[in-house]
Amino acid sequence: MTEFDSGVEELPQSVDRAAVERMQTVAYVLDEGLRVPGTDFRIGVDPLIGVLPGAGDVLTGGFSMYIVLEAARLGVSYGTLLKLIANVCVDVAGGAIPVVGDVFDAVWKANKRNVELVLNDLATDHGSTTGSEPDPVEIEVE
């Protein structure tokens, strides 16, 4: 799970590192928690839960939205939030296809992609922009 660690050192001190670690853990469990025996390929519980017709992909999509909500709380840009949501939508829609969708879930790894997008966005100095970047979106979760 140390794959993301290199990006954490590049983050500004103001970033909540515990939140980043929680996002990394969720992504790891959903996308890469288990090694396929005899290979270096890893899958997570996303394609395993996705085997449940209909409900499995919706359930894992809900877990994936945790990363999106945490990213919004951390103040990533609006554009990055849209990319995160698009990745989750592609994951849920692709995973909903019978049989092929489970293979798609194992390969697409939307959560891993989303954590990388968040780390890249947080490492970018948004304070040096000239107004071309939109303000971060705030989402209250009760």
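Every value quoted in this text rests on a predicted model; they were computed, and no experiment measured them.

## Looking at the pattern of salt bridges
So, step 1. Tallied over the entire structure, the rule returns four salt bridges.
So, step 2. Across the pair Lys112 and Glu32 runs a salt bridge whose closest N-O atoms are separated by 3.2 Å. Linking Lys112 in helix 7 (residues 110-123) with Glu32 in the loop between helix 2 (17-31) and strand 1 (34-35), this pair joins segments that are 80 residues apart in sequence.
So, step 3. Overall, the relative accessible area of 18% leaves Lys112 in the buried class.
So, step 4. In this structure, the salt-bridge partner of Glu70 is Arg73, at a minimum N-O distance of 2.6 Å. Of this pair, Glu70 and Arg73 both sit in helix 4 (residues 55-74), three residues apart, which is roughly one turn of that helix.
So, step 5. For Arg73, a relative accessible area of 48% puts it in the partly exposed group.

## Details of the nonpolar core
Generally speaking, nonpolar side chains in soluble globular proteins are found buried as a group.
So, step 1. Among the nonpolar cores identified, the biggest contains 19 residues, and Val20, Leu81, Val118 and Leu122 are the most heavily contacted of them.
So, step 2. Going through the elements one at a time, helix 2, helix 4, helix 5 (78-95) and helix 7 are the ones with two or more residues in this core.
So, step 3. Here this core takes five residues from helix 4, the largest share from any one element.
So, step 4. Aside from chain neighbours lying at most four places away, what touches Leu122 is Leu11, Pro12, Val15, Val20, Leu74 and Val76.

## Points about helix 6 (residues 100-108)
So, step 1. Along helix 6, the positions that sit buried rather than exposed are Gly101, Asp105, Ala106 and Trp108.
So, step 2. In this structure, the buried residues of helix 6 make contact with strand 2 (42-43), helix 3 (45-49), helix 4, helix 5 and helix 7.
So, step 3. Positive backbone phi, at 50°, marks Lys109, one or two positions downstream of helix 6.

## Brief notes about helix 2
So, step 1. With 15 residues, helix 2 should cover 21 Å at 1.5 Å per step; its first-to-last C-alpha distance of 21 Å lies within 8% of that length.
So, step 2. Listed in full, the buried residues belonging to helix 2 are Ala19, Val20, Met23, Gln24, Ala27, Leu30 and Asp31. Relative to the axis of helix 2, the buried residues are bounded by an arc of 140° and lie together on one face.
So, step 3. Capping the start of helix 2, Asp16 holds a side-chain oxygen 3.2 Å from the backbone nitrogen of Ala18, two or three residues further along.

## With respect to the packing of helix 2 against helix 4
So, step 1. Closest axis-to-axis distance for the helix 2/helix 4 pair is 10 Å, and the angle between their directions is 160°. Our classification of the angle between helix 2 and helix 4 gives roughly antiparallel. Every pair of crossing elements has a handedness; the one defined by helix 2 and helix 4 is left-handed. Side by side, helix 2 and helix 4 meet where Ala19, Val20, Arg22, Met23, Val26, Ala27 and Leu30 of the first sit next to Phe63, Ser64, Tyr66, Ile67, Glu70, Ala71, Arg73 and Leu74 of the second.

## A short note on the environment of Ser77
So, step 1. Mapped onto the elements, Ser77 comes out in the loop between helix 4 and helix 5.
So, step 2. Sequence separation between Ser77 and Leu122 is 45 residues, and the spatial gap between their C-alpha atoms is 8.7 Å.
So, step 3. A distance of 3.0 Å separates a polar atom in the side chain of Ser77 from a polar atom in the side chain of Thr80.

Conventions used here
Residues numbered from 1 in each chain as written. Predicted model: local features only at pLDDT ≥ 70, side-chain atom pairs only at ≥ 80, totals over all residues. Heavy atoms only, no water. Salt bridge = Lys/Arg side-chain N within 4 Å of Asp/Glu carboxyl O. Helix = DSSP H or I, 4+ residues; strand = E, 2+ residues; numbered from the N terminus. Buried < 20%, exposed > 50% of the residue type's maximum accessible area, 1.4 Å probe, protein only. Core = buried A, V, L, I, M, F, W, Y, C linked by side-chain atoms within 4.5 Å. Contact = heavy atoms within 4.5 Å. Expected span 1.5 Å × (residues − 1). Arc of directions from axis to C-beta. Polar contact = N/O pair within 3.5 Å; in protein donor to acceptor, adjacent residues only side chain to side chain. Axes fitted to C-alpha atoms, helices over the stretch in contact; angles between N-to-C directions. Parallel < 35°, antiparallel > 145°, perpendicular 65-115°, else oblique. Left-handed = near helix turned anticlockwise from the far one by under 90°.

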